[in-house]
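Structural overview for review
Listed here are the chains, written in short residue letters.
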Amino acid sequence: MNSLLTAVLYPLDLAGIFAFALSGALLAVRKDFDFFGTLLLAEAAGTGGGLFRDLVLSLPPVAFTDTGYCLVPLVAAVVVFVVRPTRHLISATTLCDAGALGMFSVTGTVKALEHGSSPLPAVALGVTTAVGGGLACGVLAGEIPAVLRWDQDLYVLPALVGAGATAALDAAGRLDVAGAVCAAALALALRICALLRGWRTPRSALWKRYAQTAEARSTAPGHWTSTSSH
Amino acid sequence: MNSLLTAVLYPLDLAGIFAFALSGALLAVRKDFDFFGTLLLAEAAGTGGGLFRDLVLSLPPVAFTDTGYCLVPLVAAVVVFVVRPTRHLISATTLCDAGALGMFSVTGTVKALEHGSSPLPAVALGVTTAVGGGLACGVLAGEIPAVLRWDQDLYVLPALVGAGATAALDAAGRLDVAGAVCAAALALALRICALLRGWRTPRSALWKRYAQTAEARSTAPGHWTSTSSH
Amino acid sequence: MNSLLTAVLYPLDLAGIFAFALSGALLAVRKDFDFFGTLLLAEAAGTGGGLFRDLVLSLPPVAFTDTGYCLVPLVAAVVVFVVRPTRHLISATTLCDAGALGMFSVTGTVKALEHGSSPLPAVALGVTTAVGGGLACGVLAGEIPAVLRWDQDLYVLPALVGAGATAALDAAGRLDVAGAVCAAALALALRICALLRGWRTPRSALWKRYAQTAEARSTAPGHWTSTSSH
């Protein structure tokens, strides 16, 4: 049973890494990186989150112990570098990235729980596994990582839901394969809804105030209005 | 005695993390991050330096083993995100950040010395504990970290003084609670003086030359002067 | 023999770190960092790649266990901060940086192989040792790291050649001092050729298309042409 589970999990892991690596490679070519820059971003996106988690758990990072984890981002980098990205490829990548987000938020949390983490830090590590690669990519590409910005659809919250559901099931003694799949599916569904409906968190109180001030100035009768209150 | 010391140190640790996390959260809302981006920056600021130190010392990172260390930045993020930051909050945060700087430069050095580091690397790790979070924040926020820039008041030097004093006391066999408190107070005092008096390091020889060239051109009689010599 | 080898390798290591640290310090003064910012970038450039490799291999990072590794970047930072960089210093730094690139791509791979890495991850770690410091510097300086950009001469490929040659020799059972020196020399030669001849990787398919579209528009007869197709 365990070997069957591993036989299913390993290809899924590689598929998830491939999805993340595609996202990283797409960002790299958009920024006009050379091939090796594209490869570095694909590796960072595909394995960065898991690498951080393994370092924190004092485990040998799978990204540097398993050859498959090294090679899959290479394939993604070659595909994106050589084939001009089309809208279909970008849409497919976004969808697969959402699937990988759900999966890694669960597997990252499970790995942390298995190695003795208490629930809250395990959830933090599950979220990090899911979003860490995107953070690393954004930083290397000289951008504010999309997962942090207010004007981007929810990304961290779906990962948090997946990781939190996993930790809750584990605390209730009900974490099995079916439960893990449900938690991942929940995260995936939330991410897809966020993409389709443009869901975001409420804006900070500071920027709500900026927006109100700018709006008041723009409707003030007969006065010079400034568009920037920052 | 030891349990009393721990009973005092743990709340102080959390207070210091809270101060750093406030700084990180303030930067995040200034950059219009969403709530989870603000939370990530608060966590990075509050625990980033200690996390790096623990990884280098091959210790389980307290940021992921102690629930308090996870939760305190969450509180800071909620406060800053929900309550519009006022000048008083920002000033109070700057002052508390200076206190945390002094404290962590000492406790970081002590932890490194206790785990077998020689004095110079221990000082490096003490400084990293104190400034690492700010570095991580600046990078995630897409800015050059303030601690690196010439046009910002001294930040690394107070940490270096606190860490260096700690290592010196330890080498002299005189490192006790009173000595540690004095070293932290020295770092805090130096940081406050830097803030009040605008203390900075001298500028690099390269930029001193740029400034001289620009000044000479601006005073040249009857010639077109360029304001940029870079 | 082994002690003789160590007696040769240690000064070479320090020389390589000094070369990388000079590059980091030059970037820092160009960005108008203060002295401690320059020192931080020199340390990041000089020891960053090796630090990452040692963390992945679960080894005590030499950057924090050997005082020489701490002090050498300090010397580089002082030199660059106090002495206005001349064209000769910058050229000499670029050349020494190429030598360090070759050397560390080999020694990093050797260290990974000695600690049980399989060939492909060992090559990845060798490349990381050689380019990791430059990546860290670029990120801290708020720039896209030069090693990633298309408009910069080859940097990762020479490191990859050096690391790959080392792993290949090791797999063939022929990795000795002479072989290691040849692999490093090959990487150095490739980097120097890239610098002299402006060698770069081919551009991504996406940007080749952008360039073709822009060129077609600029030669279209009698039409308004836009210079930007991005």
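What you see is a predicted model, and the numbers here were worked out from it, not measured in a lab.

1. Topic: the overall build of chain A
- If you tally the helices and strands in chain A, you get 8 helices and 0 strands.
- Listed by position from the N terminus, the elements making up chain A come as α-α-α-α-α-α-α-α.
- Referenced to the eigenvectors of the C-alpha coordinate spread, the extents of chain A come out at roughly 75 × 45 × 30 Å.
- In chain A, which comprises 230 residues, the proportion classed as buried is 49%.
- In chain A, the share of contacts with a sequence separation of at least 24, taken over all contacts with a separation of at least 6, comes to 75%.
- Separation between the mean location of the 15 positive side-chain charges and that of the 14 negative ones in chain A comes to 13 Å.

2. Considerations on a nonpolar patch on the surface
- Residues L71, L74, V75, V78, V79, V82 and V83 of chain A together with L120 of chain C make up a contiguous nonpolar surface patch of roughly 570 Å² in combined accessible area.
- Ranked by residue count, the leading element in the nonpolar patch is helix α3 (residues 67–82) of chain A, at 6 residues.
- One can find V82 of chain A in helix α3.

3. Some points on the pattern of salt bridges
- Summed over all chains, the structure comprises 18 salt bridges over all chains.
- Here the salt bridges share partners, and the residues they tie into one network are R30, K31 and E143 of chain A.

4. Describing the relation of the copies chain A and chain C
- Between chain A and chain C, the superposition needs a rotation of 120° and an axial shift of 0.0 Å, giving an RMSD of 0.0 Å. When the rotation and shift are considered jointly, the pair of chain copies conforms to a three-fold rotation axis.
- Mapped onto chain C, only 7% of the interface residues of chain A are again interface residues, and the two copies thus contact each other with different surfaces.

5. Remarks on the interface of chain B and chain A
- Tallying the contact residues gives 28 residues for chain B and 28 residues for chain A.
- Both sides of the chain B and chain A interface together cover about 2500 Å² of buried area, and 73% of this is carbon and sulfur.
- Summed over the three residues of chain B that lose the most area to chain A, namely D32, F36 and F64 of chain B, the buried surface amounts to 28% of that side.
- The interface formed by chain B and chain A includes 1 salt bridge.
- In this structure, the salt-bridge partner of R203 of chain A is D32 of chain B, at a minimum N-O distance of 2.5 Å.
- One can count 5 residue pairs in polar contact (both at pLDDT 80 or more) joining chain B with chain A.

6. Examining the relation of the copies chain B and chain A
- Overlay of chain B on chain A (RMSD 0.0 Å): rotation 120°, translation along the axis 0.0 Å.
- Little of the interface of chain B is mirrored in chain A, where only 7% of its interface residues are also at the interface.

7. Quick notes on the packing of helix α6 (residues 156–171) of chain B against helix α7 (residues 177–197) of chain B
Residue and element names in this part refer to chain B.
- Two numbers describe how α6 lies on α7: the axes approach to 8 Å, and their chain directions differ by 160°. The orientation of α6 with respect to α7, classified from their angle, is roughly antiparallel. In terms of crossing hand, the pair formed by α6 and α7 is right-handed. The segment α6 lies against α7, with L157, P158, V161, G162, A165, T166 and L169 engaging G179, A183, L186, A187, L190 and R191.
- Taken together, the residues that form the contact of α6 with α7 break down as 9 nonpolar, 3 polar and 1 charged.

8. What to know about helix α4 (residues 87–114) of chain C
- The end-to-end C-alpha separation of α4 of chain C is 40 Å, in line with the 40 Å expected for 28 residues at 1.5 Å each.
- Downstream of α4 of chain C by a residue or two, G116 of chain C has a phi angle that is positive, lying close to 95°.

9. With respect to helix α7 (residues 177–197) of chain A
Residues and elements named next belong to chain A.
- Over its 21 residues, α7 runs 30 Å from end to end, which matches the ideal 30 Å to within 8%, given 1.5 Å per residue.
- Restricting attention to buried positions, one finds in α7 the residues G179, A180, A183, A184, A187, L190, R191 and A194. Buried residues in α7, looked at end-on, bunch into an arc of 140°, giving them a common side. More than 90 degrees from the buried face of α7, the exposed residues found are V181, C182, L196 and R197.
- On its buried face, α7 is in contact with α4 (87–114) and α6 (156–171).
- Immediately beyond the C-terminal end of α7, within one or two residues, lies G198, with a positive phi of roughly 65°.

10. Examining the confidence of the model for chain A
Residue and element names in this part refer to chain A.
- With 92% of its residues at a pLDDT of 70 or more, chain A shows a mean pLDDT of 87.
- Taken element by element, chain A is modelled with least confidence in helix α8 (residues 205–219), mean pLDDT 74, and with most confidence in α6, mean pLDDT 95.
- Within the model, the stretch residues 223–230 combines pLDDT values under 50 with 11 contacts to residues more than four positions away or in other chains.
- Across the interfaces of the predicted complex, the ipTM metric reaches 0.86, alongside a pTM of 0.88.

11. Concerning the packing of aromatic side chains
- Under the criterion given, the structure shown has 15 aromatic pairs over all chains.
- With centroids separated by 5.5 Å and ring planes inclined at 40°, the aromatic side chains of F20 of chain A and F104 of chain A adopt a geometry described as tilted. Of this pair, F20 of chain A sits in helix α1 (residues 2–30) while F104 of chain A sits in helix α4, and the two are 84 residues apart along the sequence.
- Under the relative-accessibility criterion, F20 of chain A is labelled buried at 5%.
- Consider the rings of F35 of chain A and F36 of chain A, whose centres lie 5.4 Å apart with planes at 75°: the pair is edge-to-face. When sorted by exposure, F35 of chain A lands in the same class as F36 of chain A, which is buried.
- Through a chain of ring-to-ring contacts, the aromatic side chains of F35, F36 and F81 of chain A assemble into a single cluster.
- Above the face of the W150 of chain B ring, R203 of chain B is positioned so that its terminal group lies 4.0 Å from the ring centre.
- It is R200 of chain C that lies over the ring of W150 of chain C; its NZ or CZ is 5.5 Å from the centre.

12. Concerning the side chain of T109 of chain B
- Structurally, T109 of chain B is set in helix α4 (residues 87–114).
- Every residue in contact with T109 of chain B, bar those within four places of it in the chain, is listed here: F104, A122, V123, G126, A163, T166 and A167 of chain B.

Analysis parameters
- Residues numbered from 1 in each chain as written.
- Chains lettered and ligands numbered in written order.
- Predicted model: local features only at pLDDT ≥ 70, side-chain atom pairs only at ≥ 80, totals over all residues.
- Heavy atoms only, no water.
- Helix = DSSP H or I, 4+ residues; strand = E, 2+ residues; numbered from the N terminus.
- Buried < 20%, exposed > 50% of the residue type's maximum accessible area, 1.4 Å probe, protein only.
- Contact = heavy atoms within 4.5 Å.
- Lys, Arg positive; Asp, Glu negative; His and termini not counted.
- Charge placed at Lys NZ, Arg CZ, Asp CG, Glu CD.
- Patch = residues over 30% accessible without salt bridge, like charges linked within 9 Å, V, L, I, M, F, W, Y side chains within 5 Å.
- Areas by Shrake-Rupley, 256 points an atom, 1.4 Å probe, with all protein chains shown as cover.
- Salt bridge = Lys/Arg side-chain N within 4 Å of Asp/Glu carboxyl O.
- Least-squares fit on C-alpha atoms with pLDDT ≥ 70 in both.
- Buried area = accessible area lost by both parts, 1.4 Å probe.
- Polar contact = N/O pair within 3.5 Å; in protein donor to acceptor, adjacent residues only side chain to side chain.
- Axes fitted to C-alpha atoms, helices over the stretch in contact; angles between N-to-C directions.
- Parallel < 35°, antiparallel > 145°, perpendicular 65-115°, else oblique.
- Left-handed = near helix turned anticlockwise from the far one by under 90°.
- Nonpolar A, V, L, I, M, F, W, Y, C, P; charged D, E, K, R; others polar.
- Expected span 1.5 Å × (residues − 1).
- Arc of directions from axis to C-beta.
- pLDDT = per-residue confidence, 0-100.
- Phe/Tyr/Trp six-rings, centres within 6.5 Å; stacked < 30°, edge-to-face > 60°.
- Lys NZ or Arg CZ within 6 Å of the ring centre and 35° of its normal.

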